Amino acid sequence: MKFVDEYRDPKIALAVAERIARKVTRPLVLMEVCGGQTHTLMRYGLDELLPPGVELVHGPGCPVCVTPLEMVDRAIRIASTPGVIFVSYGDMLRVPGSHTDLFQAKASGADVRIAYSPLDALKIARMNPERKVVFFGVGFETTAPANAMAVWQAKREGLLNFSMIVSHVLVPPAMRLILSSPSNRVQGFIGPGHVCTVMGFGEYEDLAREFHVPIVVGGFEPIDLLEAISMLVAQLEEGRAEVENQYSRSVHYKGNLPAQLILHEVFEVTSRKWRGIGAIAASGLRLRDKYAAFDAERIFGTGDVTAEEPRECISALVLQGLKKPLDCPAFGSRCTPMNPLGAPMVSTEGACAAYYQYRRHV
Amino acid sequence: MSDSIAEPLSFVCAPAIAAKDRIVLGHGSGGRLSAELLRDVFLPMFSNPILDRMDDQAVLEIGGSRLAFTTDSFVVQPLFFPGGDIGSLAVHGTVNDLAMGGARPLFLSVAFILEEGLPTETLRRIVASMTEASAAAGVSIVTGDTKVVERGKGDGVFINTTGIGIVPEGVSLSANQARPGDRVLLSGSIGDHGIAILARREGLEFDAEIVSDSAPLHEMVAAMLGVSTQGAASGQIRCLRDPTRGGLSSSLNEIASQSGVSIQLEETAIPIRDEVKGACELLGFDPLYVANEGKLVAIVAPEAADAVLDAMRHDQRGADAQIIGTVGGRIGAGRARVTLRTAFGSTRIVDLLAGDQLPRIC
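Residues numbered from 1 in each chain as written. Chains lettered and ligands numbered in written order. Predicted model: local features only at pLDDT ≥ 70, side-chain atom pairs only at ≥ 80, totals over all residues. Heavy atoms only, no water.

Thoughts on the overall build of chain B
Right, on to step 1. Looking only at helices and strands, chain B has 8 helices and 14 strands in total.
Right, on to step 2. The buried share of chain B, taken over its 362 residues, is 52%.
Right, on to step 3. As displayed, chain B has an accessible area near 15,800 Å², and 51% of this comes from carbon and sulfur atoms. (Helix = DSSP H or I, 4+ residues; strand = E, 2+ residues; numbered from the N terminus. Buried < 20%, exposed > 50% of the residue type's maximum accessible area, 1.4 Å probe, protein only. Areas by Shrake-Rupley, 256 points an atom, 1.4 Å probe, with all protein chains shown as cover.)

Written as structure tokens, this is what we have:
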């Protein structure tokens, strides 16, 4: 397949892996920020190609995994309201809330539909003017512009039966939190390629400077990741701490300006709770007041739904790269994709699910 | 919550959701949920020596003949898709389930569940297609039934077909016969049917239209059995499966589990069309889990593998047949039964899916 096979060529991969092995002189701990990158690492077994001292830990960049429990509970309550058509990206449906998940809500009679884009939800709203259509707007900066566009368009059309639960989170504040922790082990980051495609990488230069940590914006194919690791190793061995762009075929310094424009038109920065981590200041997005008519949480009054989050699994530590999924006593026994204890076991981008799917007991 | 993670964190993860008390769509996916339903609901009540073999068809000794007997229901949407329709699919599906037992298909029954309001012309088209498909496969539709349900209680048309065939003397295929050293043969590219349906359902368009592989396989099976029973060593073909819902991974996991063996696959040997690869990339699907309707996987003794492969390639349905892996020895309880060596030389597991594959968020 053109434009993909080039980035999956085993010969090139081995050559890059050898280059890394030649360069590295000491143990290094690197974090790939994105769940999509974790998935590629596990699927292709790339860590097996790296020299023994280079350890990869898996970051918090799975939007499904960091969506807080209470947000899932609110979604389920709204979806179960008579007359509502609830529209969501597919992998949110199996995320466990406190008592149930959206698949179960659907089996119990809720009208829950899977969409590939929030614009599909708009279409459903136009076709069903007598029903309330609610989209579950989750994700990082990557999905935010499309979600913003849907709200903007709904306002322009006066499509008042459409609304959105906005549960967007931002990557740089989460990286800052990890770097600020006294228990931090991460010496270099593979930056989030899709997020930077939208936002550019100016924000990451502040982090690199402040914490003296190298960041290489990386793609999602095997060669992308190995190249990014090679660039990080070179920086660390040479004592540099810069932002470099491995994913230049998609990412530009300033990012996608029209996407940022619509994002800022509709959303503003707010504090958000992250599943497994807790509240992080200025780490998420919410609808601006002028779009309040499209705020599903306001319309359905779910602000009072909170969830007591039990101390059950170690996903807090996994999402910050402090533990590996295999360190969890529940992994593969009490916690599986069938009965996930925590969100990282649900989404294919979750670190635990990636380990379960590709690595368990090989 | 503070913005610091000095302490190991107050964890925030959901408790496991208790046993499912309702049927969800994933119970029909052919993955782990389907297997649970069989194990927990059907098998304990229906159990008998024939059913307990868990093959795609029952083989019955009646009056000195060995009859293969199978049934299948078809609920596909859309009713018409590139490469076929629900009618031809209902014929091919049951013909193939008979063929996987080595049988020559002879007779089908057909039962229609029609939804009030279905255009008669639609039904005529489906019936014409079934007539053509059954004539081409050399089977007669000898009995049937029709029920009509109220509007909204069906999805246009559901079809059930049941089939009977004769198993030739000396042929005994079953999923519990794979032995270490056997080869795994696949008759052609995977994922065509599932992606053709999904592309049509979601309105995805590609440069080249993706066409379902729906086709009868009994002639290819007869040719394969003709090879293996020549000379002394009959029984060289141990088992055949058509990897329909749940895809190749489900069929191989079932065979491995029922035979108590492991299976090692070579990723580079598994044929996948570029269009299907591309669509899977787009949707975040793994072709190993996508449905096929005109492919088979065969477990064959090593000394017969080349001859059987040759016979497959001489049939138009098997022109792209490949040897994709090898059967390995017994493995410890709880270990992965099916593994895949990637193009990078690393190994990953190929597990049953928990439920349906879900489109990923980004």
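Some points on the domain arrangement of chain B
Residues and elements named next belong to chain B.
Right, on to step 1. The domain architecture assigned to chain B consists of domain 1 (56-166) and domain 2 (183-349).
Right, on to step 2. For domain 1 and domain 2, the distance between their C-alpha centroids amounts to 24 Å.
Right, on to step 3. Each partner contributes to the interface: domain 1 provides 19 residues, whereas domain 2 provides 21 residues.
Right, on to step 4. Buried area between domain 1 and domain 2, both sides added, is near 1,700 Å², and the carbon and sulfur share of it is 61%.
Right, on to step 5. On the domain 1 side of the contact with domain 2, P82, N96 and M100 bury the most area, a combined 33% of that side's loss.
Right, on to step 6. In this structure, the connection of domain 1 to domain 2 is made through 1 salt bridge.
Right, on to step 7. Notably, a salt bridge pairs R241 with D56, separated by 3.7 Å at the nearest N-O pair. (Domains from an automatic or database assignment. Contact = heavy atoms within 4.5 Å. Buried area = accessible area lost by both parts, 1.4 Å probe. Salt bridge = Lys/Arg side-chain N within 4 Å of Asp/Glu carboxyl O.)

With respect to the pairing of strand β6 (residues 140-149) of chain B
Residue and element names in this part refer to chain B.
Right, on to step 1. Note that strand β5 (residues 104-115) and β6 share 9 bridges and pair parallel. The residue bridging L108 from the neighbouring strand is I141, located in β6.
Right, on to step 2. Of the crossover connections in this fold, the one passing from β5 over helix α3 (residues 120-137) to the parallel β6 is right-handed. (Pairing = 2+ DSSP bridges. Right-handed = clockwise from strand over helix to strand, strands pointing away.)

Focus: the packing of helix α2 (residues 35-44) of chain A against helix α15 (residues 351-358) of chain A
Each pair of packed helices can be described by the angle between their axes along with the distance between the axes.
All names here are of chain A.
Right, on to step 1. Relative to each other, α2 and α15 sit at 15°, their axes nearing to 9 Å. Put simply, α2 runs roughly parallel to α15. Note on packing geometry: the crossing formed by α2 with α15 is right-handed. In this structure, α2 uses T38, H39, M42 and R43 to contact α15, whose residues at the interface are A351, A354, Y355, Q357 and Y358.
Right, on to step 2. Partitioning the contact of α2 with α15 into residue classes produces 5 nonpolar, 3 polar and 1 charged. (Axes fitted to C-alpha atoms, helices over the stretch in contact; angles between N-to-C directions. Parallel < 35°, antiparallel > 145°, perpendicular 65-115°, else oblique. Left-handed = near helix turned anticlockwise from the far one by under 90°. Nonpolar A, V, L, I, M, F, W, Y, C, P; charged D, E, K, R; others polar.)

Brief notes about the nonpolar core
Residue and element names in this part refer to chain A.
Right, on to step 1. If you look at the biggest cluster of nonpolar residues, it comprises 91 residues, and the most contacted ones within it are F86, F162, F189 and Y204.
Right, on to step 2. With residues up to four places along the chain from it excluded, the contact list for Y204 reads V171, P172, M175, P192, V195, C196, I215 and V243.
Right, on to step 3. A17, L41, C328 and Y355 belong to the second largest nonpolar core, which has 41 residues in total. (Core = buried A, V, L, I, M, F, W, Y, C linked by side-chain atoms within 4.5 Å.)

Section: the pairing of strand β7 (residues 157-166) of chain B
Looking along a regular strand, one sees side chains alternate from face to face of the sheet.
Residues and elements named next belong to chain B.
Right, on to step 1. With 8 bridges connecting them, strand β2 (residues 65-74) and β7 associate as antiparallel partners. Bridging from a neighbouring strand, S73 pairs with N160 of β7.
Right, on to step 2. As paired elements, β5 and β7 share 10 bridges and run antiparallel to each other. Within the sheet, the bridge partner assigned to L114 lies in β7 and is V157.

Some points on the sheet that holds strand β13 (residues 338-341) of chain B
Residue and element names in this part refer to chain B.
Right, on to step 1. Reading across from one edge, β9-β11-β8-β12-β10-β13-β14 is the order of the 7 strands in this open sheet, with mixed pairing throughout. At either margin of the open sheet sits one strand with a lone partner, and together these are β9 (237-241) and β14 (347-349). For this sheet, the mean angle separating the axes of adjacent strands, direction not counted, is 25°.
Right, on to step 2. Relative to β13, strand β10 (residues 262-266) runs parallel, the two being bridged by 4 bridges. Paired with E266 across the strands is R341, a residue of β13.
Right, on to step 3. Packed onto the sheet, helix α6 (residues 247-259) meets β8 (183-186), β9, β10, β11 (297-300), β12 (322-328) and β13 and runs at close to 140° relative to β9.

Section: the pattern of salt bridges
Right, on to step 1. Under the definition given, this model contains 38 salt bridges over all chains.
Right, on to step 2. Across the pair E70 of chain A and K273 of chain A runs a salt bridge whose closest N-O atoms are separated by 3.3 Å. Highlighted residues: E70 of chain A in helix α4 (residues 69-79) and K273 of chain A in strand β10 (residues 267-274), separated in sequence by 203 residues.
Right, on to step 3. With its nearest N and O atoms 3.9 Å apart, the salt bridge here joins D120 of chain A to K123 of chain A. Separated by 3 residues within a single helix, D120 of chain A and K123 of chain A lie in helix α6 (residues 118-127), roughly one turn from each other.
Right, on to step 4. Taking relative accessible area as the criterion, K123 of chain A reaches 49% and is therefore assigned partly exposed.
Right, on to step 5. By sharing partners, the salt bridges in this structure join R53, D55, D56, R241 and E254 of chain B into a single network.

Notes on the side chain of H218 of chain B
All names here are of chain B.
Right, on to step 1. By the element assignment, H218 lies in helix α5 (residues 218-228).
Right, on to step 2. According to the relative accessible area criterion, H218 is buried, its value standing at 12%.
Right, on to step 3. Only 3.0 Å separates the side chain of H218 from the backbone oxygen of A137, close enough to count as a polar contact.
Right, on to step 4. The residues contacting H218, other than those within four sequence positions of it, are V95, N96, A99, P105 and A137. (Polar contact = N/O pair within 3.5 Å; in protein donor to acceptor, adjacent residues only side chain to side chain.)

Looking at the environment of R183 of chain B
Residue and element names in this part refer to chain B.
Right, on to step 1. Residue placement: R183 occurs in strand β8.
Right, on to step 2. When neighbours within four sequence positions are excluded, R183 is seen to be in contact with A298, I299, V300, P302, A305, I323, G325 and T326.
Right, on to step 3. In terms of polar contacts, R183 uses its side chain to reach the backbone carbonyl oxygen of G181, at 2.7 Å.

Description of the sheet that holds β7 of chain B
Residue and element names in this part refer to chain B.
Right, on to step 1. Pairing in this open sheet of 5 strands is mixed, and the strands run β1-β2-β7-β5-β6 from one edge to the other. Across the chains shown, the open sheet's two edge strands, defined by having one partner strand only, are β1 (58-62) and β6. Averaged over all neighbouring strand pairs, the angle between strand axes comes to 20°, with direction disregarded.
Right, on to step 2. Against the sheet, helix α2 (residues 86-99) contacts β2, β5 and β7, and its axis sits at roughly 145° relative to β2.

Quick word on the packing of α2 of chain B against α3 of chain B
All names here are of chain B.
Right, on to step 1. The N-to-C vectors of α2 and α3 enclose an angle of 30°; their axes lie 7 Å apart at closest approach. Considering the angle they form, α2 stands roughly parallel to α3. Seen from above, α2 lies across α3 with right-handed handedness. Residues I86, G87, S88, A90, V91, H92 and V95 of α2 pack against I126, S129, M130, A133, S134 and A137 of α3.
Right, on to step 2. Considering only residue class, the contact of α2 with α3 consists of 8 nonpolar, 5 polar and no charged.

Side note on helix α10 (residues 202-211) of chain A
Each α-helix turn comprises 3.6 residues. Residues three or four places apart therefore point the same way.
Residues and elements named next belong to chain A.
Right, on to step 1. Along α10, the positions that sit buried rather than exposed are Y204, L207 and A208. Around the axis of α10, the buried residues are gathered within 100° of arc, so they sit on the same side.
Right, on to step 2. Contacts from the buried residues of α10 go to α8 (171-180), β7 (188-192), α9 (193-199), β8 (215-218) and β9 (243-245).
Right, on to step 3. Downstream of α10 by a residue or two, H212 has a phi angle that is positive, lying close to 45°. (Arc of directions from axis to C-beta.)

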